[in-house]
Amino acid sequence: MVLKNFEPRLYQQTILSTCVNNNTLVVLPTGMGKTGISLMLAVQRLKQYPKSKILILAPTKPLLDQHLSTFTNHIDLGKDLLTTFSGSTSPEKRKELWETNQIIFATPQTIDNDLISGRLSLEDVSLICFDECHRAVGDYAYVYISNQYKKNGKFQRILGLTASPGVDIDKINEVILNLDIDKIEIRNEEDDDVKPYVQDIKMNYIGV
């Protein structure tokens, strides 16, 4: 399995090297390639565990579609092995899609419900990517999913992605604890390995 039409940036490669061996929280500004890191890590995990599954979680369907599009365009895997589902997909269909696909893109509430009902197991999942992972606090579905994964996953690896973890240190620590994070990788537009990729933004101010 190889990547196609994808040239990783230096900082993405550096971050990936951390993610390969650690549950990692990645903080990157919007548009700086967080999805690309999840893509590269998914390929690495599937090479290491060819029969395993990859689970990509995002809170909204547009975000899921974005992940699916990136994976479909850049990963050398049959399209019939990638699927996306949300609450609008019937429980029976979700069970079928889970069993017949290798990379699943889903909303957390959907996976939460299916775990509780016993329609699926995280036993063979070699990577869970929590997009917008700053939500992993309180009783949000990410917390339950992570706990079930820690209990049942045979090939555990967690990747948390966010553009902003927030400013409340207690909530940030709660996210780190809930997702069993080992390492944190943070970049912004001023970092030396990011600067070459930052595009100038032209802004037009319109008075209303």
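Here goes a summary of the coordinates provided. On a predicted model such as this, the values are computed, not experimentally measured, just so you know.

1. Details of the sheet that holds strand β3 (residues 82-85)
Stage number 1. An order of β3-β4-β2-β5-β6-β1-β7 is seen for the seven strands of this open sheet, with the pairing classed as parallel. A strand with exactly one partner marks an edge of an open sheet, and here the two such strands are β3 and β7 (183-186). Here the strands of the sheet are splayed against their neighbours by 15° on average, with no regard to which way each runs.
Stage number 2. As paired elements, strand β5 (residues 125-131) and strand β6 (residues 158-162) share four bridges and run parallel to each other. Following the sheet pairing, C129 is matched in β6 by L159.

2. Focus on the packing of aromatic side chains
The geometry of an aromatic ring pair comes down to the distance between the two centres and the angle between the two planes.
Stage number 1. Within the structure shown, the criterion is met by four aromatic pairs.
Stage number 2. Consider the rings of F130 and Y142, whose centres lie 5.0 Å apart with planes at 80°: the pair is edge-to-face. Within this pair, whereas F130 is found in strand β5, its partner Y142 is found in helix α6 (residues 141-152), the two being separated by 12 residues in sequence. Per residue, the accessibility class of F130 equals that of Y142, and both read buried.
Stage number 3. Judged by centre distance (5.1 Å) and plane angle (90°), the ring pair of Y140 and Y142 falls under edge-to-face.

3. Describing the pairing of strand β1 (residues 24-27)
Both faces of the sheet carry side chains from a regular strand, because those side chains alternate between them.
Stage number 1. A two-sided burial pattern is seen for β1, the buried positions comprising T24 and V26 on one face and L25 and V27 on the other.
Stage number 2. The pairing of β1 with β6 spans four bridges and is classified as parallel. Looking at the pairing, V27 lines up with T162 of β6.
Stage number 3. The pairing of β1 with β7 spans four bridges and is parallel. Bridge pairing in β7 links T24 to K183.

4. Quick notes on the nonpolar core
Stage number 1. If you look at the biggest cluster of nonpolar residues, it comprises 32 residues, and the most contacted ones within it are F71, I103 and L159.
Stage number 2. Those elements giving two or more residues to this core turn out to be α1 (10-21), α2 (34-48), β2 (53-57), α3 (61-74), β4 (103-106), β5 and β6.
Stage number 3. For this core, the element with the most residues is α2, which contributes seven residues.
Stage number 4. Among all residues touching F71, those that are not within four sequence positions of it are S38, L39, A42, I56, L82, I103 and F105.

5. Structural notes on empty space enclosed by the protein
Stage number 1. On inspection of all chains with the given rule, the structure shows one cavity of 30 Å³ or more.
Stage number 2. One number sums up the size of the largest cavity: a volume of about 40 Å³.
Stage number 3. Every residue along the wall of the largest cavity is listed here: L25, C133, H134, T162, P165, I172 and V175.
Stage number 4. Its residues placed into classes, the lining of the largest cavity shows five nonpolar, two polar and no charged.

6. Quick notes on α2
Stage number 1. With 15 residues, α2 ought to run about 21 Å at 1.5 Å a step, and its terminal C-alpha atoms sit 22 Å apart, in line with that.
Stage number 2. In terms of burial, α2 is a largely internal element, 12 of the 15 residues being buried.

What counts and how
- Residues numbered from 1 in each chain as written.
- Predicted model: local features only at pLDDT ≥ 70, side-chain atom pairs only at ≥ 80, totals over all residues.
- Heavy atoms only, no water.
- Pairing = 2+ DSSP bridges.
- Helix = DSSP H or I, 4+ residues; strand = E, 2+ residues; numbered from the N terminus.
- Axes fitted to C-alpha atoms, helices over the stretch in contact; angles between N-to-C directions.
- Phe/Tyr/Trp six-rings, centres within 6.5 Å; stacked < 30°, edge-to-face > 60°.
- Buried < 20%, exposed > 50% of the residue type's maximum accessible area, 1.4 Å probe, protein only.
- Core = buried A, V, L, I, M, F, W, Y, C linked by side-chain atoms within 4.5 Å.
- Contact = heavy atoms within 4.5 Å.
- 1 Å grid on protein atoms, 1.4 Å probe; cavity = no way out; pocket = protein on both sides within 12 Å on 5 of 7 lines; lining within 4 Å.
- Points joined across faces, edges and corners; volume = space filled by probe spheres on them.
- Nonpolar A, V, L, I, M, F, W, Y, C, P; charged D, E, K, R; others polar.
- Expected span 1.5 Å × (residues − 1).

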